[in-house]
Amino acid sequence: MRVFWGSPLYVNSGYRSRAVNAAVGGARNSQHVTGDAVDITAGSPQKNRKLLGLVLQHAEELGFDQIIAEKCDSKGNPRWLHISRSNQPRNQLIFIKS
């Protein structure tokens, strides 16, 4: 994704132990616990929306299980993107409002 984006991406959360996942309110079955998920930002909600478009444009090359656009504003711009991978990808795209 960094190559397609062409500038830095910031990782908010990657692998989490079960204890850390519970402490941050993560889902019990979170893919962060297995190291298969990352929460990233390009630096602003508007940039994150553009990044989402780029990821979807290259979805086949990148491969993903889920992309969750987290805490979206009224224009659909997410505060961050949760992106996960799986051996059996669901190719799900989910928007969660603030």
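Parameters at a glance
- Residues numbered from 1 in each chain as written.
- Predicted model: local features only at pLDDT ≥ 70, side-chain atom pairs only at ≥ 80, totals over all residues.
- Heavy atoms only, no water.
- Helix = DSSP H or I, 4+ residues; strand = E, 2+ residues; numbered from the N terminus.
- Rg over C-alpha atoms; globule rule 2.2 N^0.38 Å.
- Buried < 20%, exposed > 50% of the residue type's maximum accessible area, 1.4 Å probe, protein only.
- Contact = heavy atoms within 4.5 Å.
- Areas by Shrake-Rupley, 256 points an atom, 1.4 Å probe, with all protein chains shown as cover.
- Lys, Arg positive; Asp, Glu negative; His and termini not counted.
- Charge placed at Lys NZ, Arg CZ, Asp CG, Glu CD.
- Core = buried A, V, L, I, M, F, W, Y, C linked by side-chain atoms within 4.5 Å.
- Pairing = 2+ DSSP bridges.
- Axes fitted to C-alpha atoms, helices over the stretch in contact; angles between N-to-C directions.

Student: What am I meant to see in the overall build of the protein chain here?
Tutor: Of the regular secondary structure elements, the protein chain holds 4 helices and 5 strands. Along the protein chain, from the amino end to the carboxyl end, the secondary structure elements read α-β-α-β-α-α-β-β-β. What you see for the protein chain is a C-alpha radius of gyration of 13 Å, in line with the 13 Å of a compact globule of 98 residues. Projecting the C-alpha coordinates of the protein chain onto the three principal axes gives extents of approximately 35 × 30 × 25 Å. Out of the 98 residues belonging to the protein chain, those deemed buried represent 35%. When contacts within the protein chain are restricted to residue pairs at least 6 apart in sequence, those whose partners lie at least 24 apart make up 62%. By element, 51% of the accessible surface of the protein chain is carried by carbon and sulfur atoms, the whole surface being about 6200 Å². Treating the 13 positive side-chain charges of the protein chain as one cloud and the 7 negative ones as another, the clouds have centres 8 Å apart.

Student: Whenever I open this one, the nonpolar core confuses me. Can you help?
Tutor: When a protein is soluble and globular, its nonpolar side chains tend to lie buried together. Among the nonpolar cores identified, the biggest contains 12 residues, and these are I40, A42, L51, L52, V55, A59, F64, I67, A69, C72, L81 and I83. Secondary-structure elements contributing two or more residues to this core are α3 (45-57), β3 (66-72) and β4 (80-84). Excluding residues within four positions of it along the chain, L81 makes contact with V38, D39, I40, N48, L51, L52, I68 and A69.

Student: Would you explain the sheet that holds strand β5 (residues 92-97) in this entry?
Tutor: Note on sheets: strands pair through backbone hydrogen bonds, and any given pair is parallel or antiparallel. Within the open sheet, the 5 strands sit side by side as β1-β2-β4-β3-β5. Their pairing is mixed. In this open sheet, the two edge strands, each paired with only one partner strand, are β1 (10-13) and β5. Strand-to-strand, the axes of this sheet are offset by a mean angle of 25°, without reference to chain direction. Two elements, strand β2 (residues 37-41) and β4, share 4 bridges in a ladder whose sense is antiparallel. Bridge pairing links V38 to I83 in β4. The strands that α3 touches are β2, β3, β4 and β5; relative to β4, the one it contacts most, it runs at about 25°.

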